[in-house]
Amino acid sequence: MTLAAVDLQDAIRTWKGTIRVDVRAQDGNIAVVGASCRFPGADGPRQLWRLLAAGRHAITERPPGRRGPNRTVAPPWGGFLDSVDEFDAEFFGISAREAASVDPQQRLVLELGWEALEDAGIVPDSVRGGRLGVFVGAFADDYAHLVHRDGATAATRHTYPGTERSLIANRLSHFLDVHGPSVGIDSGQSSSLVAVHLACQSLLTGESDLVVAGGVQLNLLPESVDIADRWGPLSPDGRCYTFDARANGYVPGEGGGLVVLKRLEDALADGDTPQCVILGSAVNHGGNGHALTQPDELAQQDVLRRAHERARITAAQLQYVELHGTGTPAGDPVEASALGAVVGSARPRTRPLPVGSVKTNLGHLGAAAGIAGLIKVAMAIRHRELPASLNYELANPEIALDELNLRVQQDLGSWESADTPLIAGVSSFGMGGTNCHLVISDAPPASTSTASRREPETGEADSGQAPAALPFVLSGRGSGALCGQAARLRSFVAGRPGVVLADVAFSLAVGRAVHGDRVVVVASGREELLDRLGVVAGVRPAPVLGLGLGLVWVGVVWRCCFRVRVRSGWGWAGSCMGGFRCSRLLLIGCVGCWIRW
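Source: prediction; values computed, not measured. (Residues numbered from 1 in each chain as written. Predicted model: local features only at pLDDT ≥ 70, side-chain atom pairs only at ≥ 80, totals over all residues. Heavy atoms only, no water.)

## Points about the overall build of the protein chain
Now for step 1: Helix and strand content of the protein chain: 19 helices and 21 strands.
Now for step 2: The burial tally for the protein chain puts 55% of its 597 residues in the buried class.
Now for step 3: Long-range pairs, those at least 24 residues apart, make up 78% of the contacts in the protein chain between residues at least 6 apart in sequence.
Now for step 4: For the protein chain, the accessible surface area stands at approximately 25400 Å², while carbon and sulfur atoms represent 53% of it. (Helix = DSSP H or I, 4+ residues; strand = E, 2+ residues; numbered from the N terminus. Buried < 20%, exposed > 50% of the residue type's maximum accessible area, 1.4 Å probe, protein only. Contact = heavy atoms within 4.5 Å. Areas by Shrake-Rupley, 256 points an atom, 1.4 Å probe, with all protein chains shown as cover.)

## Re helix H5 (residues 142-150)
Now for step 1: Listed in full, the buried residues belonging to H5 are Asp142, Tyr143, Ala144 and Val147.
Now for step 2: Gly151 occupies a position one or two residues after H5 and carries a positive phi of about 85 degrees.

## Describing empty space enclosed by the protein
Now for step 1: Enumeration according to the criterion identifies three cavities of 30 Å³ or more in this entry.
Now for step 2: Its volume calculated, the largest cavity comes out at about 60 Å³.
Now for step 3: In terms of lining residues, the largest cavity is bounded by Arg62, Arg66, Trp77, Gly78, Phe80, Asn219, Leu220, Leu221, Pro222, Val225, Pro252 and Gly253.
Now for step 4: At the level of elements, strand E3 (77-79) and helix H9 (222-231) are the ones that each hand at least two residues to the lining of the largest cavity.
Now for step 5: Of the voids in this model, the second largest cavity is the one considered here, and its volume is about 50 Å³.
Now for step 6: Around the second largest cavity, the lining residues are Gln300, Leu304, Val321, Leu323, Glu335, Ala338, Leu339, Ser427 and Phe429.
Now for step 7: Elements that contribute at least two residues to the lining of the second largest cavity include exactly helix H11 (297-311), helix H12 (331-342) and strand E14 (423-429).
Now for step 8: Here the lining of the second largest cavity gets three residues from one element, more than from any other, and that element is H12.
Now for step 9: Split by residue class, the lining of the second largest cavity holds six nonpolar, two polar and one charged. (1 Å grid on protein atoms, 1.4 Å probe; cavity = no way out; pocket = protein on both sides within 12 Å on 5 of 7 lines; lining within 4 Å. Points joined across faces, edges and corners; volume = space filled by probe spheres on them. Nonpolar A, V, L, I, M, F, W, Y, C, P; charged D, E, K, R; others polar.)

## Points about the sheet that holds strand E6 (residues 210-217)
As a general point, the strands of a sheet are linked pairwise by backbone hydrogen bonds and lie either parallel or antiparallel.
Now for step 1: Ordered by their spatial adjacency, eleven strands build an open sheet running E5-E4-E6-E7-E1-E8-E15-E14-E9-E10-E12, and the pairing between neighbours is mixed. Of all strands in the sheet, those bounded by a partner on one side alone are strand E5 (182-185) and strand E12 (406-408). The average angle at which neighbouring strand axes cross in this sheet is 25 degrees, direction not considered.
Now for step 2: In this sheet, E5 lies alongside strand E4 (residues 132-137) in parallel orientation, the contact comprising four bridges. Looking at E5, one finds that Val134 is bridged to Ser182.
Now for step 3: Each of strand E1 (30-38), E4, E6 and strand E7 (255-263) is contacted by helix H4 (residues 104-119), which is oriented at about 135 degrees to E1, the strand it contacts most. (Pairing = 2+ DSSP bridges. Axes fitted to C-alpha atoms, helices over the stretch in contact; angles between N-to-C directions.)

## A look at the pairing of E7
Now for step 1: With nine of nine residues buried, E7 lies mostly within the body of the structure.
Now for step 2: The alternating pattern of E7 places Gly255, Gly257, Val259, Leu261 and Arg263 and Gly256, Leu258, Val260 and Lys262 on opposite faces, both of which are buried.
Now for step 3: As paired strands, E1 and E7 are joined by eight bridges and run antiparallel to one another. From the neighbouring strand, Arg38 faces E7, where its bridge partner is Gly256.
Now for step 4: Bridge analysis of E6 against E7 gives seven bridges, and the strand direction is antiparallel. When the bridges of E7 are listed, Val212 appears paired with Val260.

## Brief notes about the nonpolar core
Now for step 1: Counting 70 residues, the largest nonpolar core has Leu132, Phe243, Val260 and Leu339 as the members making the most contacts within it.
Now for step 2: Excluding anything up to four places from it in sequence, Phe243 contacts Leu323, Asp332, Ala336, Val355, Tyr392, Leu394, Ala395, Asn396, Ile399, Leu401, Leu406 and Val408.
Now for step 3: Within the second largest apolar cluster, 48 residues are counted, among which are Phe39, Leu365, Cys436 and Ile440. (Core = buried A, V, L, I, M, F, W, Y, C linked by side-chain atoms within 4.5 Å.)

## With respect to the environment of Gly498
Now for step 1: Mapped onto the elements of the fold, Gly498 is located in the loop between helix H16 (479-494) and helix H17 (501-510).
Now for step 2: When the C-alpha atoms of Gly498 and Arg526 are compared, they prove to be 9.7 Å apart, with 28 residues separating the residues in sequence.

## Observations concerning the packing of helix H2 (residues 45-53) against helix H14 (residues 369-383)
Now for step 1: The contact between H2 and H14 brings their axes to 10 Å, and the two run at 80 degrees. Taken as axis vectors, H2 and H14 run roughly perpendicular relative to one another. Of H14, the residues touching H2 (which contributes Pro45, Arg46, Leu48, Trp49 and Leu52) are Ile375, Lys376, Met379, Ala380, Arg382 and His383.
Now for step 2: Split by residue class, the contact of H2 with H14 holds seven nonpolar, one polar and three charged. (Parallel < 35°, antiparallel > 145°, perpendicular 65-115°, else oblique.)

## Some remarks on the packing of aromatic side chains
Now for step 1: Taken as a whole and judged by the stated rule, the model has six aromatic pairs.
Now for step 2: Seen in terms of ring centroids, Phe87 and Phe92 are 5.4 Å apart; in terms of plane orientation they differ by 5 degrees. Their pairing is stacked. Taken as a pair, Phe87 and Phe92 share a single burial class, namely buried.
Now for step 3: When the ring of Trp114 is compared with that of Phe175, the centres are 6.0 Å apart and the planes differ by 50 degrees; the resulting orientation is tilted. In this pair, Trp114 sits in helix H4 while Phe175 sits in helix H7 (residues 167-176), placing the two residues 61 residues apart along the sequence.
Now for step 4: Among the aromatic residues, ring-to-ring pairing joins Phe87, Phe91, Phe92, Trp114 and Phe175 into one connected group.
Now for step 5: One cation-aromatic arrangement involves Arg477 over Phe91; the distance from NZ or CZ to the ring centre is 4.8 Å. (Phe/Tyr/Trp six-rings, centres within 6.5 Å; stacked < 30°, edge-to-face > 60°. Lys NZ or Arg CZ within 6 Å of the ring centre and 35° of its normal.)

Below, the structure written as structure tokens:
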């Protein structure tokens, strides 16, 4: 080999090493700054937490519209969403004709994407043109099969893009007008957690500056459940017995969930309040050591170790693991054995590792299973409590929990070391052998020097007296949507007697998109706010308005007078008119902090 060739190879090795160092040198922590979900019995993360904390499940019999012909042989149980056929097409700029040809999974991800960004305090319009990535796990094609039943004569120009799985992610990117990666992920049941893993890599390499990631699954055809039952029996009694001696199969479920991710340093610099932090993640495959759909213990051990290494933690630091936990006789013992070998063995025998599975509450959500586990753990970290894993009485005889140093979390309880960083793992395994594991923790305390959007941008507010009244800004596309927003806000305030109204007003002014139909409700107290929101929502009669603070209906635009804080004190600022963007003006008066509702 010539000297020149040797020098060239050395240069290439140096270049490759530099690339690796550049990527690994970045802070590998990823902040979860927003989340949304639609799960059985839970239309959002907070509803999910209430379900979990109460120790309830959402398994029911198959809804009437999805029972199919009498030849259906699978058990009738499952976790189902309500009204999957309903969609606000106008809001997303889709015609009614096109919407009828669009897979409800695409429609659900549009809704969840919008909700997740708002939950993060990001006005969806503000990401336009940016490097926002979208990674969505999905594998169900039920709607496409329904379309195929009708034959080619029923197809329109909207049918092909409406039924392509790749467009589940692409449609959200198109709607938001963003230019980061837009990728559909199909690794089977691990799809949504793999999507989160790939989203983290996109952020760490600088490919994306902001990411929306998760998964979706809708079980629209009873025949699909029949086929699944023939592959691996479903639970005949509609219960998921994770790690229990009664384990007899899984319960099918459906739903969708998305998280909004940022590099942690960016989130803290932007004044975000991370819900949790992804410390590291790993993905691998089981190879051909066993049958195609048989889980491999050594591969599961490997993915755990790799995730811990990337998270820079030891196995002993884990305080909880959210299992894949399907409740199947074949899968549970393998997962338990792998977890015991890697984590249980690293812990004192007096402190077995708590484990659990959200599948005992919701069923197996297929491609959305992993994101359900991630959102569950994020809420457990936020509330600093571990919810119970249901349906556990006696350990599966194939799982020696004491020897493996594991224990099933059976009650709502505190983390074992609540005064230390809360660190947990989340596992998700695909039927074809693709394994994924995430390590997540609570967020570090925010630096007092970090600028935060919790403070007014004008710098003109001081510690003086709060205003006698606050403006609460609502908007929607159409009067019906506007009334719905008012009803939702009214329900939120009514259910939280201790909520700070200035924080609500601040969040509405700076954290929501502005649509064509608007209302500004001015109120000086909680009861007055509830009363006036009831008027807008149509649940209370409209009062006769005088010249004081109140609402005046003018065509399709609500006008109101409101007061803002200016240099000379609190004074009248006039009316909120049709095309006037009032968020900057309202920010002056709404001195509060960001809250999610």
